[in-house]
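Chains, contacts and geometry: an overview
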Amino acid sequence: MATFTLLSDTFEDGQVLPAAQRGASTGPGGRDESPPLHWSGAPAGTRSYAVTVFDPDAPGHGGFWHWAVLDLPADITSLAAGAGSRHGGGLPLGAFQLRNDGGSAGYLGAAPPKGHGPHRYVITVLALNVEKSGLDAGASPAKLEVKLGPHVLARASLTGIYERF
C-alpha cells in the first residue's frame, strides 16, 4: 500500500496525546477536541479523503472507533483543531462524520480504562479514488474499511498514546 505524510502540530508519532485530545471525563484539560492535522504527498488520482481515529487496544472485541470523517474533498489537506466537533462545523462543505463507538457524531477523546495500560490512538487519512464514499452518516465506522477498501490509493497514519493511572 502506498503511503503519504500525516502530521499534527500538537504531537509527534508515538508521543503522548495532548490533554485537549483526551476525553472530557479524563480530568483537567480533557476536551474531546480533534487534533489539528495536515497531510501531503497523496498520489495523483486522489478524489477525496477519509479520516479515522481508532483505538486497537480498547477492551472487548475489535477496538474502539473514536472518529470517522468521510467525503473530504481532494483539495483539502488539513483539518484545524476541533474540526470534529459534534456538529461538524469545522469540516468543509460536503464532508460528514459517522457516529463513533460512544454513539455520537464527532470526535470522542482518548479515555482508556484506568489501569488498563497504554492505548494507541491511530489516526489514519485514506486517499480515495472516488469523490463520495457511498456511505451515509448512519453507517458504522467498522464497515468503513470494507466499503472503502477497493478505493484506497494510499494511507497516512499517526499514532498518539495515552494511559490513565
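The following paragraphs examine the structure supplied in this document. These numbers were taken from a predicted model, which means no experiment stands behind them.

1. Thoughts on the overall build of the protein chain
- Per the secondary structure count, the protein chain includes one helix and nine strands.
- Each helix and strand of the protein chain, ordered N terminal to C terminal, gives the series β-β-β-β-β-β-β-β-α-β.
- Expected size for 165 residues packed as a compact globule is a radius of gyration near 15 Å; at 15 Å, the protein chain falls within 12% of this value.
- Its C-alpha atoms give the protein chain principal-axis dimensions of about 45 × 30 × 30 Å.

2. Things to note about the side chain of Gln97
- Counting through the fold element by element, Gln97 comes out in strand E7 (residues 96-97).
- One polar contact links Gln97 to Trp67, side chain to side chain, over a distance of 2.6 Å.
- Polar side-chain contacts of Gln97 include one of 3.0 Å to the backbone oxygen of Ser85.

3. A look at the sheet that holds strand E1 (residues 2-3)
- Strand order across the open sheet formed by six strands is E1-E9-E8-E4-E5-E7, with mixed pairing between neighbours. Strands at the two margins of the open sheet, each flanked by one partner only, are E1 and E7.
- Both strand E5 (residues 64-73) and E7 contribute to a ladder of two bridges, which runs antiparallel. From the neighbouring strand, Leu70 faces E7, where its bridge partner is Phe96.
- The strands that helix H1 (residues 141-148) touches are strand E4 (48-55), E5, strand E8 (119-128) and strand E9 (152-162); relative to E5, the one it contacts most, it runs at about 45°.

What counts and what doesn't
Residues numbered from 1 in each chain as written. Predicted model: local features only at pLDDT ≥ 70, side-chain atom pairs only at ≥ 80, totals over all residues. Heavy atoms only, no water. Helix = DSSP H or I, 4+ residues; strand = E, 2+ residues; numbered from the N terminus. Rg over C-alpha atoms; globule rule 2.2 N^0.38 Å. Polar contact = N/O pair within 3.5 Å; in protein donor to acceptor, adjacent residues only side chain to side chain. Pairing = 2+ DSSP bridges. Contact = heavy atoms within 4.5 Å. Axes fitted to C-alpha atoms, helices over the stretch in contact; angles between N-to-C directions.

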